[in-house]
There are 2 protein chains.
Amino acid sequence: MILTVTLNTALDITYRVGSLRPHATHRVSEVTERPGGKGLNVAGVLAALGHDVTVTGFAGGGTGRIVRDRLAATPGLTDALVPTGGATRRTIAVVDERTGDTTRLDEPGPAIAPPEWSAFQEIYEDLLGTASALALCGSLPPGVPVGAYAGLIRTARAAAVPVLLDTSGEPLRRGVAARPDIVKPNGDALAELTGAHEPLRATRAARRRGAHAVVASLGAQGLLAATPEGTWRATPPGRGHGDPAGADDSVTAALLAGVVEHRPWPERLAHAVALAAATVHAPAAGEFDRGAYEELLRRVAVTGEVSAA
Amino acid sequence: MILTVTLNTALDITYRVGSLRPHATHRVSEVTERPGGKGLNVAGVLAALGHDVTVTGFAGGGTGRIVRDRLAATPGLTDALVPTGGATRRTIAVVDERTGDTTRLDEPGPAIAPPEWSAFQEIYEDLLGTASALALCGSLPPGVPVGAYAGLIRTARAAAVPVLLDTSGEPLRRGVAARPDIVKPNGDALAELTGAHEPLRATRAARRRGAHAVVASLGAQGLLAATPEGTWRATPPGRGHGDPAGADDSVTAALLAGVVEHRPWPERLAHAVALAAATVHAPAAGEFDRGAYEELLRRVAVTGEVSAA
């Protein structure tokens, strides 16, 4: 199975309102809710692609129960979340029907107690025994040490499980030093990590810091990958519209699928760009349009060079 | 016990944010959540006053479980809510820390299926057997007939349980015709019911439509009551600040307590105004400041005349 880790899971709620006006009372015309946090989104996409996927991380309280009920109803997905005393955070996205704008309200989420963190690490090590690939996704909740991802990467490497890291800031900096197989930063996170603003320079600098392969997500410009086998750019045929966060999680899902299916890098990148673009066309984060995915896959341009090594 | 009916229960969530700006992403600095819907607020106040109180109405889904978990933790309160297939609605109040303004987002709530409405009516009739007073509170959810309160009032009167109705619009108009013991409209609902904008005239007109006693809540001006024993005004000593909805629910709680304690009307009204004002001073809706309540009780002015009848 493929394992995804989401230490800061969420219940993602979307409201549609006629027009959002501060200080007014709004009748919400439509409510949608789904499990959230980057690793759960990645797992949802992998399950929809037909992969056997297990999720771990933390969930607690009434919101955690709603998240777990939804996960239980997802075919192909196994819930190995660890209970935590606090309630899983909610994120609220308020879509203004007049302007199309989205206003977000993100709860802080619960602090993780030291015994909960220890319990997680035990379950994580057990799960690695049957994992064929692993993604560590998103921000760290309060109470989890800032070097957490570095430790989890070392454990995964000791178990010979290929590991992808998708985070930012100090957890990314420390994680990269633990030599993950793939890091997938966006342009901002990459610039913060390396101090370089030119993507190719920054991607190569991130490799020198320890990552075996670096896949930078550059929004509408697609992906730039620096790997031991070569350097490639993968560009979508048009500009997408929709949820860029959801598109990023589809990139992670496609890269993990590429690892377990032993696809060469250019093929992994083509799938990642097509799946991300198909996600952009879908109505809800983490979902994708199968027809668009297949159609886009034929039209993604991958250019680059194979390393001499 | 005192029974309160909340057909449209809610999970009331309050967020504090630095400054609410449409189209921005906000980190919520503080989250509070509590059972909501007017009848649950009334029950919370009654339980805090030391009364034995039972709540019924509908609850469902993950949000319904959170509401019921909270109710189970309230001493003196018995949960007799009826399960419904849809999820209990959330209400979100976003408090802007810069301006103090509150922006509200109210979910629509689930539709009640005909078998659920039948199940509720059976449980309601059973509960009337041990009820000493009853409040029917708030709006009707989709699926419940507009004449629902009128029917519930007739059942209560047949069981000789004193009944207070606190709603508005067509459910109020139909309910009043079923001759409830007390109706407690605010100024707007009373004007809509009677067509009269002068409170004394409107209050007396509402009595002629069928209510035995009418207690109009006039905000900072306090209460105006037209009853078979006389007409009174009860005025708070100062102007309150805070949650007027919570204050209204405290008025209902005090009036019910007055019924079961067989207090004369002027005393009931003094308690209602003092409790409402003490609620206004408290940080969260439905809670009140005991010290303020006792102190205010000595300072409420009740003026009026006893009927010759």
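Residues numbered from 1 in each chain as written. Chains lettered and ligands numbered in written order. Predicted model: local features only at pLDDT ≥ 70, side-chain atom pairs only at ≥ 80, totals over all residues. Heavy atoms only, no water.

Under an unreviewed UniProt entry, the name given to chain A is 1-phosphofructokinase family hexose kinase, and the organism recorded is Streptomyces cinereospinus. Taken from UniProt, the Sequence similarities (unreviewed entry) comment for chain A reads in full: "Belongs to the carbohydrate kinase PfkB family." (UniProt positions renumbered as here; feature names shortened; annotations may be inferred.)

Engineer: Explain the pairing of strand β14 (residues 223–227) of chain B here, please?
Structural biologist: Put simply, side chains in a regular strand alternate between the two faces of the sheet. Residues and elements named next belong to chain B. Counting buried positions over the 5 residues of β14 gives 5, a clear majority of the element. Alternating positions in β14 separate into two faces, L223, A225 and T227 on one and L224 and A226 on the other, with burial throughout. Where strand β13 (residues 213–217) meets β14, 4 bridges bridge the pair, whose relative direction is antiparallel. Bridge pairing in β14 places A216 opposite L224. Between β13 and β14, which pair antiparallel one after the other, the connecting turn spans 5 residues, and G219 there sits at a positive phi close to 65°. Both β14 and strand β15 (residues 230–235) contribute to a ladder of 5 bridges, which runs antiparallel. Note on β15: the bridge partner recorded for L224 is R233. (Buried < 20%, exposed > 50% of the residue type's maximum accessible area, 1.4 Å probe, protein only. Helix = DSSP H or I, 4+ residues; strand = E, 2+ residues; numbered from the N terminus. Pairing = 2+ DSSP bridges.)

Engineer: Quick question: what am I supposed to make of unusual backbone geometry here?
Structural biologist: Most peptide bonds adopt trans geometry, and most residues besides glycine take a negative phi value. Although it is not a glycine, A:H23 sits at a positive phi angle of roughly 80°. One can find A:H23 in the loop between β2 (10–17) and β3 (25–27).

Engineer: It is not clear to me how the pattern of salt bridges should be interpreted in this structure. Could you clarify?
Structural biologist: Applying the stated criterion across every chain, the model contains 32 salt bridges over all chains. The partner of A:D249 in a salt bridge is A:K38, with the nearest N and O atoms 3.0 Å apart. Taken together, the positions of A:D249 in helix α8 (residues 244–260) and A:K38 in helix α1 (residues 38–48) put the pair 211 residues apart, joining distant regions of the chain. Since its relative accessible area comes to 1%, A:D249 is described here as buried. Here B:D79 and B:R68 are joined by a salt bridge, their closest N and O atoms 2.8 Å apart. (Salt bridge = Lys/Arg side-chain N within 4 Å of Asp/Glu carboxyl O.)

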